[in-house]
Amino acid sequence: MLTNLSDAGLDLAMAKCARWSLIGPGEGDRCSGFSTVGAGLGWLVALIVVSALAGLVIGWLYTQRRRLNARLKDPREQARRALAFHAYHDTLTGLPNRAYLMQELEEALASGETKSLAVLFIDLDGFKSINDTLGHEAGDAFLRAVATSLRSSVRERDVVSRFGGDEFVVVVQAYGGLENLVRVCRKVLDLVSQPVNVAGQFVAVSPSIGIAVAPRDGDVAETLIRNADAAMYAVKETGKADFRFYEEGMLEQARERLALTVELREALQRGELDVEYQPKRNLRDGTLAGVEALARWHHPVRGDVPPAVFVPIAERSALIHALGEYVLRSVLTQVKLWDAAGTHVDYVAINLSMHELSRPAFVETLARTVRSYGVDPMRIRFELTESTAMREPEETLRQLVKLRSHGFDLLIDDFGAGYWNLGHLRELPVGTIKIDQSFVRGSDSNLVDREITEAIVGLAKKLNMRTIAEGVETEAQADWLRGLGCDVGQGFYFARPMTPAAFSRYLDPTLVYAG
């Protein structure tokens with residue numbers, strides 16, 4: 001109001017001066033000093049008013065700031081803010097959690113800008129062994145390192161979330177074409193696969209990535225996540241450490257795996273799996289060398305479920321430990337029954353999974369179980385595939401040395417079918433090599449298979465190891481292997497896998513074995 005009054009007075013004075021200047025020179029002198037003094041006074045009054053108003057505003061802002069600081073320092077406010085953060089973020093890695101991810105993904109899909117939106121579902125294969133061998137603190141440190149790698153592998157606008165456990169989800173928006181998305185996946189694979197120094201030891205995992213693209217693979221957040229998860233499991237079935245895009249039918253396969261997982265767990269609990277035994281013969285004189293124990297699942301509805309189906313399911317669902325113990329106890333019980341009946345079997349070979357070896361107390365628990373049955377550990381042998389042994393060679397070596405120290409014999413199964421490092425072969429406490437059946441079966445028509453088999457037998461002799469040839473189906477193959485100096489043969493030519501009762505008939509010379 002004061003500024004308005006001063007401005008009005010100034011205007012009136014200026015008008016009078018203008019009027020007096022028209023009357024005559026004498027009147028105009030009256031205004032000669034007024035114009036400057038009046039204008040200066042008006043600006044001074046305006047400046048004072050503005051300064052006063054600015055002071056009021058600054059004082060109000062200062063008061064609000066003090067109140068805000070007080071609220072922030074209030075334990076109740078800090079707790080509220082912490083709860084709000086943790087409601088949408090993972091406490092370990094600081095990444096957004098599942099709730100935040102689903103909310104952001106739903107909003108992105110609802111906006112209609114889904115022409116180039118993709119969901120990457122990432123699972124860390126081998127993480128459990130880090131937890132089991134180095135402890136949960138080391139596992140937590142590793143997860144934080146993975147979170148950092150994932151965050152650095154994508155743009156700021158992309159969402160990186162810890163979905164739960166060792167599973168992460170990345171939402172990539174506006175990726176600009178399939179080729180760019182593939183590059184993102186390869187970058188994630190490369191960074192997450194890098195070894196990480198945890199507790200003074202370098203450890204690494206193999207990430208499996210499943211990808212679902214909107215709107216082709218779904219226009220709802222839950223559908224996209226589910227389809228990306230199905231694609232991730234398809235990667236696990238084909239070798240891990242890779243990525244795959246969702247395809248029609250993957251979801252049905254995932255549902256089938258889930259159903260089989262539930263049914264396998266129930267079958268183990270009810271004791272519905274059987275263990276059959278396949279004889280191994282000394283090629284030199286035809287005598288019984290030992291037997292291999294093979295798990296069989298005769299499903300009441302599905303029929304016979306092959307081991308190639310239910311063993312990978314057991315490994316993915318952590319049922320492999322229950323399955324391994326089930327087979328071991330069945331074998332130990334059967335050895336005691338054979339001994340009581342006067343049927344002597346030198347040894348029983350049992351297949352061993354890397355997932356079982358990854359448990360820190362596996363060897364001690366196994367040895368304690370065998371001793372509780374009163375069975376000599378020398379009569380139990382473990383077969384380990386070379387791909388399994390090579391996955392984590394240092395940890396595998398430690399566990400195998402423990403097994404040998406308890407008296408268990410070890411052999412490498414399917415030798416030649418995977419990748420192998422002869423340096424590791426020299427270091428592993430293994431006394432027998434089992435030649436992969438593909439070479440034996442192909443020896444009749446493929447010169448390369450014959451030469452590879454001959455080379456494996458020769459290598460084993462140089463290393464003072466015994467050799468077993470599996471997949472022997474004809475007398476000609478048995479004769480050829482005997483001529484090479486192979487020690488033991490196994491296959492349908494000698495006998496198929498059989499129940500314990502059939503095995504007793506097989507060994508009894510007074511009874512006819514019907515195969």
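For the structure itself, consult the block above.
Residues numbered from 1 in each chain as written. Predicted model: local features only at pLDDT ≥ 70, side-chain atom pairs only at ≥ 80, totals over all residues. Heavy atoms only, no water.

Colleague: Any chance you could break down the pattern of salt bridges for me, citing the residues and the numbers?
Modeller: This structure, assessed with the given rule, holds 23 salt bridges. One salt bridge connects Glu383 with Lys280, and the closest N-O pair in it is separated by 2.8 Å. Of the two residues, Glu383 sits in strand β12 (residues 380-385) while Lys280 sits in strand β8 (residues 274-282), which places them 103 residues apart along the sequence. No difference in accessibility class separates Glu383 from Lys280, as the two residues are buried. Lys434 is paired through a salt bridge with Glu292; the nearest N and O atoms lie 2.8 Å apart. (Salt bridge = Lys/Arg side-chain N within 4 Å of Asp/Glu carboxyl O. Helix = DSSP H or I, 4+ residues; strand = E, 2+ residues; numbered from the N terminus. Buried < 20%, exposed > 50% of the residue type's maximum accessible area, 1.4 Å probe, protein only.)

Colleague: Would you mind going over the sheet that holds strand β6 (residues 206-214) in detail, with residue names and values included?
Modeller: The strand order β2-β3-β1-β6-β7 describes an open sheet built from five strands, whose pairing is mixed. The open sheet has two edge strands with one neighbour each: β2 (159-164) and β7 (243-245). Averaged over all pairs of adjacent strands, the angle between their axes in this sheet comes to 20 degrees, without regard to strand direction. Relative to strand β3 (residues 167-173), β2 runs antiparallel, the two sharing five bridges. Across the sheet, residue Val160 finds its bridge partner in β3, namely Val170. Across the sheet, helix α5 (residues 98-110) lies against β1 (117-125), β2, β3 and β6, angled at about 135 degrees from β2, the strand it touches most. (Pairing = 2+ DSSP bridges. Axes fitted to C-alpha atoms, helices over the stretch in contact; angles between N-to-C directions. Contact = heavy atoms within 4.5 Å.)

Colleague: Give a detailed account of the environment of Phe168, specifying residues and quantitative values.
Modeller: Locating Phe168 in the fold gives a position in strand β3. A relative accessible area of 0% means that Phe168 is categorised as buried. Along the backbone, Phe168 and Leu120 are 48 residues apart, and their C-alpha atoms lie at a distance of 8.2 Å. Filtering out sequence-adjacent residues up to four positions away, Phe168 remains in contact with Leu95, Leu120, Phe121, Ile122, Leu124, Leu143, Val146, Ala147, Leu150, Ser161, Arg162 and Phe163.

Colleague: Give me the lowdown on the nonpolar core, citing residues and values where you can.
Modeller: Across soluble globular proteins, nonpolar side chains have a tendency to be buried as a group. Of all hydrophobic cores here, the largest spans 71 residues; its most connected members are Leu264, Leu273, Val331, Val348, Phe382 and Leu403. Considering each element in turn, this core owes the most residues, nine residues, to helix α12 (residues 320-340). When neighbours within four sequence positions are excluded, Leu264 is seen to be in contact with Leu273, Trp297, Phe310, Ile313, Ala314 and Leu319. Membership of the second largest hydrophobic core comes to 35 residues, among which are Leu95, Leu181, Cys185 and Val198. (Core = buried A, V, L, I, M, F, W, Y, C linked by side-chain atoms within 4.5 Å.)

Colleague: Summarise the packing of α12 against helix α14 (residues 362-372); cite the residues concerned and give the values.
Modeller: Remark: α12 packs on α14, axes separated minimally by 10 Å, with the N-to-C direction vectors making an angle of 25 degrees. On the basis of the axis angle, α12 is roughly parallel to α14. Seen from above, α12 lies across α14 with right-handed handedness. Facing Leu328, Arg329 and Leu332 of α12, the residues of α14 in contact are Leu366, Thr369 and Val370. Among the residues forming the contact of α12 with α14, the class breakdown is four nonpolar, one polar and one charged. (Parallel < 35°, antiparallel > 145°, perpendicular 65-115°, else oblique. Left-handed = near helix turned anticlockwise from the far one by under 90°. Nonpolar A, V, L, I, M, F, W, Y, C, P; charged D, E, K, R; others polar.)

Colleague: Describe the environment of Leu397, and please don't skip the residues or the numbers.
Modeller: Along the chain, the position of Leu397 falls in helix α16 (residues 393-405). Along the primary structure Leu397 and Glu427 are separated by 30 residues, whereas in three dimensions their C-alpha atoms are 7.8 Å apart. Those residues in contact with Leu397 that sit more than four places away from it in its chain are Glu427, Leu428 and Pro429.

Colleague: Can you break down the packing of helix α7 (residues 136-153) against helix α8 (residues 178-192) residue by residue, with the values?
Modeller: Contact pair α7 / α8: the axes reach a minimum separation of 9 Å and the direction vectors enclose 150 degrees. Judged by the angle between their axes, α7 and α8 are roughly antiparallel. Both α7 and α8 take part in a crossing whose hand is right-handed. Together, Val146, Ser149, Leu150, Ser152 and Ser153 of α7 and Lys187, Val188, Leu191 and Val192 of α8 make up the contact between the two elements. Considering only residue class, the contact of α7 with α8 consists of five nonpolar, three polar and one charged.

Colleague: Give a description of the pairing of β3 that names residues and reports values.
Modeller: The buried fraction of β3 amounts to six of the seven residues, a majority that puts the element mostly inside the structure. As defined by bridge partners, β1 adjoins β3 across seven bridges and the pair is classed as antiparallel. Opposite Ile122, over in β3, you have Phe168 as the bridge partner. Hairpin connection from β2 to β3: two residues lie between these consecutive antiparallel strands, with Gly165 at a positive phi of about 60 degrees.

Colleague: Tell me about unusual backbone geometry, and name the residues and values.
Modeller: Omega for the bond connecting Ala214 with Pro215 falls within 30 degrees of zero, at 0 degrees, which places this linkage in the cis form. The topology assignment puts Pro215 in the loop between β6 and α9 (221-237). Despite not being glycine, Ala318 shows a phi value in the positive range, around 70 degrees. Take Ala318: its relative accessible area is 42%, and that puts it in the partly exposed class.

Colleague: Tell me about helix α19 (residues 447-462), residues and numbers included.
Modeller: Compared with an ideal rise of 1.5 Å per residue, which puts 16 residues at 22 Å, α19 spans 23 Å between its outermost C-alpha atoms and is within 8% of the ideal. Burial in α19 covers these residues: Asp449, Thr453, Ile456, Val457 and Ala460. Considered in projection along α19, the buried side chains sweep an arc of 95 degrees and stay on one side of the axis. Of the residues in α19, the exposed ones pointing more than 90 degrees away from the buried face are Leu447 and Lys462. (Expected span 1.5 Å × (residues − 1). Arc of directions from axis to C-beta.)

Colleague: A description of the packing of aromatic side chains should follow, citing residues and the corresponding values.
Modeller: Working definition: an aromatic ring pair is given by the centre-to-centre distance plus the angle between the planes. Throughout the structure, instances matching the rule amount to nine aromatic pairs. On the numbers, 5.0 Å between centres and 65 degrees between planes, the contact of Tyr277 with Trp338 is edge-to-face. Taken together, the residues span a long stretch of sequence, with Tyr277 in strand β8 and Trp338 in helix α12 at a distance of 61 residues. Side by side, Tyr277 and Trp338 carry an identical accessibility label, which is buried. Taken together through their ring pairs, the aromatic side chains of Tyr277, Trp338, Phe503 and Tyr506 make up a single cluster. The ring of Phe163 carries Arg98 above its face, with NZ or CZ at 4.0 Å from the centroid. (Phe/Tyr/Trp six-rings, centres within 6.5 Å; stacked < 30°, edge-to-face > 60°. Lys NZ or Arg CZ within 6 Å of the ring centre and 35° of its normal.)

Colleague: Now, about helix α10 (residues 250-270): what can you tell me, with residues and values included?
Modeller: Taking 1.5 Å as the rise per residue, α10 with 21 residues should run 30 Å; its terminal C-alpha atoms sit 30 Å apart, in good agreement. Packed against the buried residues of α10 are α9, β7, β9 (288-299), α11 (307-316) and α12. After α10 finishes, the residue Gly271 shows a positive phi value of roughly 70 degrees.

Coordinates in, geometry out; function isn't part of it.
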